[in-house]
Amino acid sequence: MLSVGLTPQEPYPGSKKPWHCICTACGNSITPTFSNVRAGGGCKFCAGRVLEPAKAEQEMRKAGLEPQVPYPGVSKPWQCICTVCGKTVTPILTNVRAGGGCKFCAGRVLEPAKAEQEMRAGGFIPLDPYPGAGKPWRCRCVRCGKEPSPTLSTVRAGKRCKFCAGRVIDPSEAERVMRAAGLEPEEPYPGLVTKPWPCVCVNCGNRVTPMYSNIRSGGGCRFCAGQVVIPVEAERVMREAGLIPQEPYPGSARPWRSICAASGHVVSPMYATVKNGRGCRICGRERMRKKKTLSENDARLVMLSRGLIPQVPYPGSGRPWKCLCESCGNTVTPMLGTVRKGHGCKFCAGMIVVADEAIQVMRSAGLEPESPYPGAGKPWRCVCTKCQRRVNPRLSDVRVRRAGCKYCAGHTVDPVDADRKMREAGFIPQGPYPGSEKPWRCICVTCGREVTPVWSKVRKGTGCRYCAVSGFDYAAPAHVYVLMHPLGAVKIGIAGSAARNRRYSDHARQGWVLFKREEFQSGADAWQVEQAVLRQLRREGHMPFMSADEMPQGGETETFDADLISAYSIWKMVLCQAGKVRNSGEISPNRIISGIE
């Protein structure tokens, strides 16, 4: 407690109980718990969490607000009078410190006269006093003369009168539309455009229950439109198609047991398919079989047209037929069905490769086969003529994708080569090669620090982050900061000295205000705490709040909605993560700088 400037005034009560102390910096009496102090806490007066009434009144007056009652606290409404417009408001000190002020001057609250002016501009004449932007306001529509009750917020969004927009229907108008479509209503208008309305069709006399919205869109009677099938009509269609029904009509999309009048077979077609022109499936299959069957002479002509000379009698369209290819002279066994679809000799199409041709293809790609040709789609053991390594490519990959040695192409890394190139880049590996995209624990030859570079980045020229001469300096002192913005955003970030890192000043020029920051002896410690807090926020579901257009200086991925998580909550995460690392011995105690600068 003494190391953070707190002098105990009573014996130690326990880590979770308040401990009466005196702050040596401001002299105020406070009661922190030992566990909070170990996590990075301190005097609440020095940290700005508690303000003296005089200082609080001073901050309110700077914002143009004159307090009318004693100071209630940083997070409670405080009755004040705005020195600009003279109205009484009750802002919260924390909002005022973040850039807030009078809600009337900011335009968040409208005067009744201005609200009435906006309603008249939207085509409504108010009939009652202004109730508020989000409450129904009884008005008269200047277009139709009716009295809807829109809200000011909906009128601001461009919404029209619900009667003029058709969202509310006059019952007499609804009945007129139904009668114009040939439907006589049996009941009064049900009140909703999507609710069934019992009616009688004037044309066919059937009772239907259409929805007003469908009739208004051009719909009508389902029976007259053919959407509903009459059983007598369905049976007539079946008999005309040569099918005699054996049971009552089941529905248009259900099997209907019938007897084929031509063949006598019992079948179960659906009425919908029969209406579209189909009939007995057994008779249909027989017709298709006869249509597809070719004579042997016609089959030979088909094969000859594709350059295939049959060597045996025609076996059938679905069986292999031994033939001789006129182009390459090879013997093949295609089926007549595949040849009629456009296929031909497999050798000419490249589907079958001769071993000598396969070896030639591999050698042209710089690969010398060490085993007989296994097939186009199987691994083939070869030796790369360039790097002398053994690889197992497939002939199909080499022919189609122009593939070759995976080591020469950079798809696979040899651990020995990776170790050698890491040493050439100034790193001494402390473990086996983990992979091209995983951190590899190494020792930097220049600075002697332990680092974890990624092989793929080192291969492109990246070096030790501590030895870097530009960008963020991980070896120099740095700090973690939490910023607030008047648009309702909070941000966490890290920054170094002004000579190496101007990120904080860039944010300040865009309207960001410092909430708190914590100094660290090295940029690596600050980066570790920042990343831990960001991971925790992502796990809790907090997503970036501001876009790249709103933050031209960058850093939009580290912004969050202040309505969902406050700057103080993020700061507590920073203190917690700093305390964890500090207790592990990786970060030494640092000075905490707080307040708005």
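Reading the values: rules and limits
Residues numbered from 1 in each chain as written. Predicted model: local features only at pLDDT ≥ 70, side-chain atom pairs only at ≥ 80, totals over all residues. Heavy atoms only, no water. Helix = DSSP H or I, 4+ residues; strand = E, 2+ residues; numbered from the N terminus. Buried < 20%, exposed > 50% of the residue type's maximum accessible area, 1.4 Å probe, protein only. Lys, Arg positive; Asp, Glu negative; His and termini not counted. Salt bridge = Lys/Arg side-chain N within 4 Å of Asp/Glu carboxyl O. Contact = heavy atoms within 4.5 Å. Pairing = 2+ DSSP bridges. Axes fitted to C-alpha atoms, helices over the stretch in contact; angles between N-to-C directions. 1 Å grid on protein atoms, 1.4 Å probe; cavity = no way out; pocket = protein on both sides within 12 Å on 5 of 7 lines; lining within 4 Å. Points joined across faces, edges and corners; volume = space filled by probe spheres on them. Core = buried A, V, L, I, M, F, W, Y, C linked by side-chain atoms within 4.5 Å. Phe/Tyr/Trp six-rings, centres within 6.5 Å; stacked < 30°, edge-to-face > 60°.

**What about the side chain of glutamate 530?**
Its place among the elements puts glutamate 530 in helix H18 (residues 523–539). Buried and unpaired, glutamate 530 has no salt bridge, with lysine 491 as the nearest side chain of opposite charge at 5.9 Å. In this structure, glutamate 530 is in contact with Ile492, Gly493, Ile494 and Glu558, ignoring residues within four places of it in sequence.

**Regarding the environment of glycine 145**
Mapped onto the elements of the fold, glycine 145 is located in the loop between strand S8 (139–141) and helix H5 (152–156). In this structure the C-alpha to C-alpha distance between glycine 145 and cysteine 164, which are 19 residues apart in sequence, comes to 9.9 Å.

**Looking at the sheet that holds strand S12 (residues 243–245)**
Strand order across the open sheet formed by three strands is S12-S13-S14, with antiparallel pairing between neighbours. Two strands bound the open sheet, and with one partner strand each, they are S12 and strand S14 (266–267). Sheet topology note: the strand S13 (residues 258–260)/S14 ladder contains two bridges and is antiparallel. Considered in S14, the bridge of isoleucine 259 is made with valine 266. Here helix H8 (residues 231–240) sits on the sheet and contacts S12 and S13; the angle it forms with S12, its principal contact strand, is near 145°.

**Regarding the pairing of strand S26 (residues 513–520)**
Of all eight residues that make up S26, seven are buried, and the element is covered over most of its length. Here strand S24 (residues 478–485) pairs with S26 via seven bridges, running antiparallel. Its bridge partner being in S26, tyrosine 481 is matched across the sheet by arginine 517.

**Observations regarding the layout of surface pockets**
The calculated volume of the largest pocket comes to roughly 890 Å³. Along the wall of the largest pocket there are 34 residues; nearest its centre are Thr94, Asn95, Val96, Ala98 and Met484. At the level of secondary structure, the elements contributing two or more residues to the lining of the largest pocket comprise helix H3 (93–97), S24, strand S25 (489–495), S26 and helix H19 (567–583). For the lining of the largest pocket, the element with the highest residue contribution is H3, accounting for four residues.

**Some thoughts on the pattern of salt bridges**
Two side chains bearing opposite charge may form a pair once their charged atoms approach each other closely. Applying the stated criterion across every chain yields a total of 27 salt bridges. Of the charged contacts, one joins arginine 97 and glutamate 59 as a salt bridge, the two residues approaching to 3.4 Å between their closest N and O atoms. Highlighted residues: arginine 97 in helix H3 and glutamate 59 in helix H2 (residues 53–62), separated in sequence by 38 residues. Across the pair glutamate 424 and arginine 420 runs a salt bridge whose closest N-O atoms are separated by 3.0 Å. Placement of the pair is glutamate 424 and arginine 420 together in helix H15 (residues 415–424), with a separation of four residues, close to one helical turn. A residue is classified by how much of its surface remains accessible, and glutamate 424, at 57% relative accessible area, is exposed.

**Some words on the nonpolar core**
In this structure, Val480, Val482, Ile492, Val533, Phe560, Ile570 and Val574 are the most contacted members of the largest nonpolar core, which totals 23 residues. Listing elements by their share of this core, those giving two or more residues are S24, S25, S26, H18 and H19. Per-element tally for this core: the top contributor is H19, with seven residues. Setting aside its immediate chain neighbours within four residues, valine 533 contacts Ile492, Ile570, Met573, Val574 and Gln577.

**Let's talk about the packing of aromatic side chains**
Describing an aromatic ring pair means giving the distance of the ring centres and the angle of the ring planes. According to the stated counting rule, one finds 11 aromatic pairs in the structure shown. Here the aromatic rings of tyrosine 71 and tryptophan 78 are separated by 5.1 Å at their centres, their planes lie at 55°, and the arrangement is tilted. Taking 5.4 Å as the distance between ring centres and 65° as the angle between the ring planes, the aromatic pair formed by tyrosine 189 and tryptophan 197 counts as edge-to-face. Tyrosine 189 gets classed as buried once you look at its relative accessible area, which sits at 13%. In this structure tryptophan 197 comes out as buried when scored by relative accessible area, which is 0%.

**Here we look at unusual backbone geometry**
Even without being a glycine, glutamine 388 presents a positive backbone phi close to 65°. Secondary-structure assignment places glutamine 388 in the loop between strand S19 (382–384) and strand S20 (390–391). The class of glutamine 388 is exposed, set by a relative accessible area of 55%.

**Thoughts on the sheet that holds strand S23 (residues 450–451)**
An order of S21-S22-S23 is seen for the three strands of this open sheet, with the pairing classed as antiparallel. If you trace the sheet from one side to the other, it starts and ends with strand S21 (427–429) and S23, each paired once. Where strand S22 (residues 442–444) and S23 come together, two bridges link them in antiparallel fashion. In the strand pairing of S23, isoleucine 443 is matched with glutamate 450. Contacts from H15 reach S21 and S22, with the element oriented near 145° to S21.

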